[in-house]
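Notes for the structure review
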Amino acid sequence: MKPPPVTSIGQVSFDVFGTLLFRRISRPAARFAALAGAGESGMGWARRRMETEKVLAQKTGPDLYSLDEIYERMGPGGPSAEAEKAMELSQCFAVTAGRRQLAVARQRGQRILFASDMYLPPDFIRQLLEVHGLWQAGDRIYVSHEQGMAKHGGLFVKICRELSLAPNEIEHIGDNLRSDVLVPRRLGIRALHFRETEPTRYEAEWMRNAGENEAAVADAIRA
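Computed from a predicted model, the values in this text were never measured in an experiment.

This brings us to the overall build of the chain. Within the chain, the regular secondary structure consists of 11 helices and 7 strands. On C-alpha atoms alone, the chain measures out to a radius of gyration of 18 Å, which is about the 17 Å that the 2.2 N^0.38 rule sets for 223 residues. Over its C-alpha atoms, taken along the principal directions, the chain stretches across nearly 55 × 40 × 30 Å. Counting every position in the chain, which comprises 223 residues, the buried fraction comes to 45%. By sequence separation, contacts in the chain at least 24 residues apart represent 66% of the contacts at least 6 residues apart. As displayed, the chain has an accessible area near 11,300 Å², and 52% of this comes from carbon and sulfur atoms. Charge centroids of the chain, computed over 30 positive and 28 negative side chains, lie 4 Å from each other.

Okay, unusual backbone geometry next. You will see that D63, though not glycine, has its phi angle at about 70°, which is positive. Structurally, D63 is set in the loop between α2 (40–60) and α3 (67–74). Positive phi values are uncommon outside glycine, yet S164 reaches one of about 55°. Structurally, the position occupied by S164 is in the loop between α8 (155–162) and β6 (170–174). Here S164 falls in the exposed class, since its relative accessible area comes to 64%.

Within the largest apolar cluster, 42 residues are counted, with the highest numbers of intra-cluster contacts made by F14, F17, F114, Y119, L120, I125 and L129. Not counting residues within four places of it along the chain, the set of residues in contact with L120 comprises F17, R23, L67, K85, E88, I125, V143 and H145. One finds F156, I159, C160 and L163 within the second-largest nonpolar core, a separate group that totals 12 residues.

Before going further, it helps to spend a moment on the packing of α2 against α3. As a packed pair, α2 and α3 sit with axes 10 Å apart at the nearest point and diverge in direction by 115°. Every pair of crossing elements has a handedness; the one defined by α2 and α3 is right-handed. Residues W45, R48, R49, T52, E53, V55, L56 and K59 of α2 form the contact with α3, whose participating residues are L67, E69, I70, Y71, R73 and M74. Classifying every residue of the contact of α2 with α3 gives 7 nonpolar, 1 polar and 6 charged.

Further remarks concern the pattern of salt bridges. Counted under the stated rule, the structure contains 11 salt bridges. Put simply, E162 and R140 hold a salt bridge, and the shortest N to O gap is 3.9 Å. Highlighted residues: E162 in helix α8 and R140 in strand β5 (residues 140–143), separated in sequence by 22 residues. When its relative accessible area of 41% is taken as the criterion, E162 is described as partly exposed. With a closest N to O distance of 2.5 Å, R190 and E171 form a salt bridge. Linking R190 in strand β7 (residues 190–193) with E171 in strand β6, this pair joins segments that are 19 residues apart in sequence.

For E82, the position within the fold is in helix α4 (residues 81–91). Along the primary structure E82 and L67 are separated by 15 residues, whereas in three dimensions their C-alpha atoms are 9.6 Å apart. In terms of polar contacts, E82 uses its side chain to reach the side chain of K85, at 2.9 Å.

With that out of the way, let us pick up helix α5 (residues 96–107). Taking 1.5 Å of rise per residue, the 12 residues of α5 would be expected to cover 16 Å, and the 17 Å separating its terminal C-alpha atoms lies within 8% of that figure. Among the residues making up α5, those that are buried are A97, G98, L102 and A105. Seen along its axis, α5 keeps its buried residues to an arc of 140°; they face one direction. Across from the buried face of α5, at angles greater than 90 degrees, the exposed residues are T96 and R100. In this fold, the buried residues of α5 make contact with β1 (11–14) and β4 (111–116).

Cut-offs and rules
- Residues numbered from 1 in each chain as written.
- Predicted model: local features only at pLDDT ≥ 70, side-chain atom pairs only at ≥ 80, totals over all residues.
- Heavy atoms only, no water.
- Helix = DSSP H or I, 4+ residues; strand = E, 2+ residues; numbered from the N terminus.
- Rg over C-alpha atoms; globule rule 2.2 N^0.38 Å.
- Buried < 20%, exposed > 50% of the residue type's maximum accessible area, 1.4 Å probe, protein only.
- Contact = heavy atoms within 4.5 Å.
- Areas by Shrake-Rupley, 256 points an atom, 1.4 Å probe, with all protein chains shown as cover.
- Lys, Arg positive; Asp, Glu negative; His and termini not counted.
- Charge placed at Lys NZ, Arg CZ, Asp CG, Glu CD.
- Core = buried A, V, L, I, M, F, W, Y, C linked by side-chain atoms within 4.5 Å.
- Axes fitted to C-alpha atoms, helices over the stretch in contact; angles between N-to-C directions.
- Left-handed = near helix turned anticlockwise from the far one by under 90°.
- Nonpolar A, V, L, I, M, F, W, Y, C, P; charged D, E, K, R; others polar.
- Salt bridge = Lys/Arg side-chain N within 4 Å of Asp/Glu carboxyl O.
- Polar contact = N/O pair within 3.5 Å; in protein donor to acceptor, adjacent residues only side chain to side chain.
- Expected span 1.5 Å × (residues − 1).
- Arc of directions from axis to C-beta.

Functional significance is not addressed by these values, which are geometric in nature.
Now the structure itself:
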């Protein structure tokens, strides 16, 4: 195996979901329905779960609410926040191409950061990364709701300030064109668009049919 090319950039940050981790059921509605159980009651709870998140996004701003806030607003009845975290543990798998890029960064001796616009607690996201062998001692994680700002709303500026970095001293890798590419590039950060988790033409063909069975086939191909 050839050694990774030398880089003068000492820090690299990775998006988490969609870059390093992916879920076996990609659609939130189907994922939450599976959590709540089959039937109309399960689908009804899934709709309420998504609507609650939408309301919080409008109230606090996108990506600035936590999992606990979602369940506090929903009130009793149905699955718990702990049940949803257990589901995430069973749903997530490591993205091979993302794991490879992370390994290259470690071989180069770059400092590893993780930046995620997500409602899940930072300690739990760290646990997910640890389970899949993606976390090492010395890594740092920045999660939007804990930091009070998302990647599209100042998180990169905060990271640079806290670590005393100029924007050109950090590299970022992620799948979201706006949050992971356009926003950091405007700041002077070298941003690489991670596209390996985009649907293949086979998956896209199944997804176009949009039914439950077709979506399940697309997810199976992806996993």
